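So the chains spell out like this:
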Amino acid sequence: HPVAVATPGDAAAREAAARLKDARADAAFYGAPPPENPGRLWAEEIAEGGVRRYVFAHASAFREAYATAPSRHFYEMIRDGAPVRPYFDLEFSKEANPGLDGDDLTARWLAHVAGA
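Thresholds, definitions, all that
- Each chain carries its own residue numbering, running from 1 in the written order of its sequence.
- Totals for whole chains, interfaces and linings use all residues, but because this is a predicted model, local features are given only for residues with pLDDT of at least 70 and pairs of side-chain atoms are given and counted only at 80 or more.
- Side-chain measures were taken over the full set of non-hydrogen atoms in the model, leaving aside hydrogen atoms and water.
- A run of H or I in DSSP counts as a helix once it spans at least four residues, and a run of E counts as a strand once it spans at least two, with each numbered from the N terminus.
- Throughout this description, buried means an accessible area under 20% of the type-specific maximum (1.4 Å probe, protein chains only), exposed means over 50%, and partly exposed covers the range between.
- The protein chains shown are the only cover counted for residues, whose accessible areas, like all others here, come from Shrake-Rupley with a 1.4 Å probe.
- A residue's pLDDT is the confidence the predictor assigns to it, expressed on a 0 to 100 scale.
- In this description, contact between two residues means that some pair of their heavy atoms is separated by no more than 4.5 Å.
- Two rings belonging to Phe, Tyr or Trp (six-membered ring only in the last case) form a pair when the distance between their centres is within 6.5 Å. Interplanar angles under 30 degrees mark stacking, angles over 60 mark edge-to-face geometry, and anything in between is tilted.

What follows covers the overall build of the protein. Counting secondary structure elements, the protein contains 3 helices and 3 strands. Secondary structure of the protein in N-to-C order comes out as α-β-β-α-β-α. Within the protein, the proportion of its 116 residues that are buried is 12%. For the protein, the accessible area works out to roughly 9800 Å², and carbon and sulfur atoms hold 57% of it.

In structure tokens form, the structure reads like this:
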């Protein structure tokens, strides 16, 4: 297989250097991720038909980026054998249920799940 070599004037080389600079800045700002939380992998749905882009970041950096992301179609990729937490996508139609209080329903659901 041929080896691709990027020259300093190459757009791919400039993009790779920018990503490396960003990663180093993240590490300097957030600190090195602790061994028990080394970083996580997310998949972003970017087109129909299962097209995904993958993002690897420390949770703090990802949360900050997600808060301002134009797309909210990210899914955490859970590694085999990694500890997991349940995530609940709770939603309902306000139009079809005008008398329901979403905050109250969420609190009741969490109490039910926690066994309180």
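With that settled, consider the confidence of the model for the protein. On average, residues of the protein carry a pLDDT of 76, and 72% of them reach 70 or more. Put simply, helix α1 (residues 11-30) is where the protein has its lowest mean pLDDT, 66, and helix α3 (residues 102-114) is where it has its highest, 89. This stretch, residues 1-6, has a pLDDT under 50; its non-local contacts, to residues over four places away or in other chains, come to 1 contact.

A complete count under the given rule lists 5 aromatic pairs for this structure. Taken together, a centroid distance of 5.4 Å and an interplanar angle of 85 degrees make the contact between Phe 88 and Trp 109 edge-to-face. Placement of the pair is Phe 88 in the loop between β3 (74-77) and α3 and Trp 109 in helix α3, with a sequence separation of 21 residues. Judged by its relative accessible area of 41%, Phe 88 is partly exposed. Pairwise contacts between aromatic rings join Trp 42, Phe 62, Tyr 66 and Phe 74 into one cluster.

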